[in-house]
Amino acid sequence: MRETFTPPVVTPLIELSHVSRRFGSMSALEDISVAINPGEVHCLLGDNGAGKSTLIKVLSGVHQPSDGEVRIDGVPTILRSPRQALDCGIATVFQDLAMVPLMSIVRNFFLGREPVKGRFIARRIDMRKAEAIVLNEMAQMGINVRDPQQPVGTLSGGERQCVAIARAVYHGARVLILDEPTSALGVHQASIVLRYIARARARGIAVIFITHNIHHAYPIGDVFTLLNRGRVHGTFRKAEISESEVLEMMAGGRDLERLRHELATISINEAPERDSGSQSAASTLR
Amino acid sequence: MPIQQTVPLRRNRLVRLISRGLRRPELGALGATVFTFGFFAVTAGDSGLFSALGVVNFLHVSAQLGILAAAVALLMIGGEFDLSIGSMIGFAGITIGIAVVQFGLPIWLSVLIAFAFAMVIGATNGLLVARTGLPSFIVTLASYFVLRGLSLSVTRALTGRTQIPYITKNTTESDIVWLFGGKFGSGVFSWLGQAGWIATRPDGVPLVQGLPMSIAWWLVLTAAVTWLLVKTEFGNWIFAVGGDEQAARNVGVPVTRVKVLLFVGASCAATLFATIQVLETGSADTLRGTQKEFEAVIATVIGGTLLTGGYGSAIGAMLGSLIFGTVAMGIFYTGIDSDYFMVFLGLMVLVAVLVNNYVRRKALEAR
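Attention here is on the structure that accompanies the text. (Residues numbered from 1 in each chain as written. Chains lettered and ligands numbered in written order. Predicted model: local features only at pLDDT ≥ 70, side-chain atom pairs only at ≥ 80, totals over all residues. Heavy atoms only, no water.)

## Some thoughts on the overall build of chain B
Helix and strand counts for chain B come out as 15 helices and 4 strands. On C-alpha atoms alone, chain B measures out to a radius of gyration of 22 Å, which is about the 21 Å that the 2.2 N^0.38 rule sets for 367 residues. Dimensions of chain B, computed from the C-alpha atoms along their principal axes, are close to 80 × 60 × 40 Å. Out of the 367 residues belonging to chain B, those deemed buried represent 49%. (Helix = DSSP H or I, 4+ residues; strand = E, 2+ residues; numbered from the N terminus. Rg over C-alpha atoms; globule rule 2.2 N^0.38 Å. Buried < 20%, exposed > 50% of the residue type's maximum accessible area, 1.4 Å probe, protein only.)

Quick look at the structure:
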């Protein structure tokens, strides 16, 4: 459909321009420039230590840039706290999901933004309304919540992730930052989450998808930014790059190739010994 | 089809209600309460423990502890601990005593001054814990000693003694003395006496002429704390701060404010306890409140609140206090050597903690 890549005329929802972040003498981010557009899934890829987590924390207001500028809707802004970022419509779903396992789904869903009714001494959480909203929001994602009052700790990993994302979307996220949303999940659970990300994108939300797993990122991603040692290694639209090229460009790509090579030689060299050893190894494993 | 569907639907609702019920933190405490009453009904049934006088006696003990336990439950659900409330009781008591006897201030003003001190001390505890990240155990251990030491030194410097008697003697403020140290329900009791339901003196006046006001405070406070915990946003934040502080912070819960207010609440409950005690007895003593910090924790833990925070209830703390008071008086009435009270208490805490842990694990099991 898109033959040549033309720069979008829309204002990016959030844009980093030459952002650096240093901790003492250590530089975690160096001259980062990315633009996040509405209705796009923007994948941030990189190995451990590439600067992904620092970048999320800058985007979500936990850290402030040492240098450079953050623009929200084109306006230079300094995000001083996660709360301020939330007020600007930037919601982050951290890996720990910011959920309290012993609290119910409803209480987690509205934590910090409880719907209230009544005044003064009779002011209270509107629990009926809250339950109805949770059931509705979760049903829209295709998840059937048995009991909105059940503790979050009783949910599976994928369900928990979906509750966290649904919460961010419901509370008016325009930019949704997802930190490794699928890394701890099995294939089935991950597909539930990916499907939900697609629905969020369809609503016009800008999704920042942080991962080191290209197999989860490539099918859903529209734009790929590769990070390596705190620097941007390149930003590509999907049409410009194939899955294997992305993998190649990630820091791990070359290493993986070398590893595959090494492993192959190991198994050839040790093949004669394997017969005698396999029996005992199998029993130990069991 | 619709007819067939109604049956599973209704059963579903029943299952949901049962599983909600099983997740309640006070469930274990309810069982323990029934057991305790059953035990003493058998062993002390005719000793007078369950006469009007006996009931008022153990309710009186329970109520005083329950006032502390309600605030301590909130604090512990919020994931913190306050060792200084026992010392705070002594400190608040002598503050009232010195203000009335030494400076000649009216009682109502002295009580207000004591509460003002409590708020400052509680806020200090809370801010130190929240800002330094030190365990509240250490911070409040410090204030435990500082407050007790201050009470002793200031009282001795001003009065030359460590006790302040005659605080309510010749007072004209009978209303405020009644509010904290008086009795209520005397009409009901004299009617019960006349009807022959409860024991009376030879002149027809019942032995028990009313319930101590501490019981009213206990019930009102427990109801208020329950409302706060279950119904309000602030209650939601308390559970979150105790359950996962970082998660709470990430979704924008004002963690520091919640913690500071919880510590202020604990100090104020200690001050309410002290006010009741001072106005009931008419005297203050620097050593009042010793060990109350532990008793309040015991009552709260028996009531199903987790030591690690994030889970618990005020109703549970109330039942825990009720068990505590019943056992304390029950042992006295059954004639068991009362030295065994502490042994019993210790074992009960152990059992309560084991049961609580089991219940929490069950609550989090995926179904």
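## Let's talk about the interface of chain A and chain B
Taken together, the 30 residues of chain A in the interface contact 30 residues of chain B. Taking both sides of the interface into account, the surface hidden between chain A and chain B amounts to around 2500 Å²; carbon and sulfur atoms contribute 55%. On the surface where chain A and chain B come into contact, there are 1 salt bridge. With 3 residues, helix 2 (residues 82-87) of chain A is the largest single contributor of residues to the side of chain A that touches chain B. In the side of chain A that touches chain B, the residues fall into 15 nonpolar, 5 polar and 10 charged. (Contact = heavy atoms within 4.5 Å. Buried area = accessible area lost by both parts, 1.4 Å probe. Salt bridge = Lys/Arg side-chain N within 4 Å of Asp/Glu carboxyl O. Nonpolar A, V, L, I, M, F, W, Y, C, P; charged D, E, K, R; others polar.)

## Regarding the pattern of salt bridges
Within this structure, the stated rule accounts for 13 salt bridges over all chains. A salt bridge links Arg 71 of chain A to Glu 15 of chain A; its shortest N-O distance comes to 3.4 Å. With Arg 71 of chain A in strand 4 (residues 67-72) and Glu 15 of chain A in strand 1 (residues 14-23), this pair connects stretches of sequence that are 56 residues apart. For Glu 15 of chain A, a relative accessible area of 22% corresponds to the partly exposed category. Glu 245 of chain B is the partner of Arg 249 of chain B in a salt bridge, and the nearest nitrogen-oxygen pair spans 3.2 Å. Here Glu 245 of chain B and Arg 249 of chain B lie together in helix 11 (residues 245-250), a separation of 4 residues that amounts to about one turn. For Arg 249 of chain B, a relative accessible area of 37% corresponds to the partly exposed category.

## Topic: empty space enclosed by the protein
Scanning the entire structure with this criterion turns up 4 cavities of 30 Å³ or more. In this model, the largest cavity occupies a volume close to 280 Å³. What lines the largest cavity is a set of 24 residues, and nearest its centre among them are Leu 86, Ala 91 and Thr 92 of chain A together with Asn 250 and Val 251 of chain B. Where the lining of the largest cavity is concerned, the elements lending two or more residues are helix 2, strand 6 (90-93) and helix 5 (157-170) of chain A. (1 Å grid on protein atoms, 1.4 Å probe; cavity = no way out; pocket = protein on both sides within 12 Å on 5 of 7 lines; lining within 4 Å. Points joined across faces, edges and corners; volume = space filled by probe spheres on them.)

## Quick notes on the sheet that holds strand 5 (residues 75-77) of chain A
Residues and elements named next belong to chain A. Here 4 strands make up an open sheet; going across it, the order is 2-1-4-5 and the pairing antiparallel. Whereas interior strands pair on both sides, the edge strands pair on one side only; in this sheet they are strand 2 (26-36) and strand 5. Each strand axis lies, on average, 30° off the axis of its neighbour in the sheet, ignoring direction. Each of strand 1, strand 2 and strand 4 is contacted by helix 1 (residues 52-59), which is oriented at about 120° to strand 1, the strand it contacts most. (Pairing = 2+ DSSP bridges. Axes fitted to C-alpha atoms, helices over the stretch in contact; angles between N-to-C directions.)

## A closer look at helix 9 (residues 213-231) of chain B
The terminal C-alpha atoms of helix 9 of chain B lie 26 Å apart, and with 19 residues this matches the ideal 27 Å at 1.5 Å per residue to within 8%. Listed as buried for helix 9 of chain B are Met 213, Ser 214, Ile 215, Ala 216, Trp 218, Thr 222, Val 225, Thr 226 and Leu 229 of chain B. (Expected span 1.5 Å × (residues − 1).)

## Regarding the pairing of strand 6 of chain A
All names here are of chain A. Side chains Ile 90 and Thr 92 of strand 6 all project onto a buried face; the interleaved residues Ala 91 and Val 93 project onto the opposite face, where all are buried too. Alignment of strand 6 against strand 9 (residues 175-179), held across 4 bridges, turns out to be parallel. From the neighbouring strand, Ile 90 faces strand 9, where its bridge partner is Val 175.

## Here we look at the layout of surface pockets
Roughly 620 Å³ of volume is contained in the largest pocket. Looking at the largest pocket, it is lined by 25 residues, and the ones nearest its centre are Ser 104, Arg 107 and Gln 149 of chain A together with Arg 24 and Val 230 of chain B. Of all the secondary structure elements, the ones that give two or more residues to the lining of the largest pocket are helix 1 (2-22), helix 9 and helix 14 (314-334) of chain B. The element best represented in the lining of the largest pocket is helix 9 of chain B, accounting for 4 residues. Considering only residue class, the lining of the largest pocket consists of 12 nonpolar, 7 polar and 6 charged.

## Thoughts on the packing of aromatic side chains
Using the criterion set out here, one finds 16 aromatic pairs over all chains in the structure. When the centroid spacing of 6.2 Å and the interplanar angle of 80° are considered together, the rings of Phe 50 of chain B and Phe 58 of chain B count as edge-to-face. Assessed through its relative accessible area of 31%, Phe 50 of chain B is described here as partly exposed. A relative accessible area of 3% means that Phe 58 of chain B is categorised as buried. Taking 5.4 Å as the distance between ring centres and 80° as the angle between the ring planes, the aromatic pair formed by Phe 324 of chain B and Phe 341 of chain B counts as edge-to-face. Taken together, the positions of Phe 324 of chain B in helix 14 and Phe 341 of chain B in helix 15 (residues 340-363) put the pair 17 residues apart, joining distant regions of the chain. Judged on exposure class, the residue Phe 324 of chain B and its partner Phe 341 of chain B are both buried. Sitting over the ring of Tyr 218 of chain A, Lys 238 of chain A keeps its end group 5.2 Å from the ring centre. Over the ring of Tyr 166 of chain B we find Lys 169 of chain B, and its NZ or CZ is 5.0 Å from the ring centre. (Phe/Tyr/Trp six-rings, centres within 6.5 Å; stacked < 30°, edge-to-face > 60°. Lys NZ or Arg CZ within 6 Å of the ring centre and 35° of its normal.)

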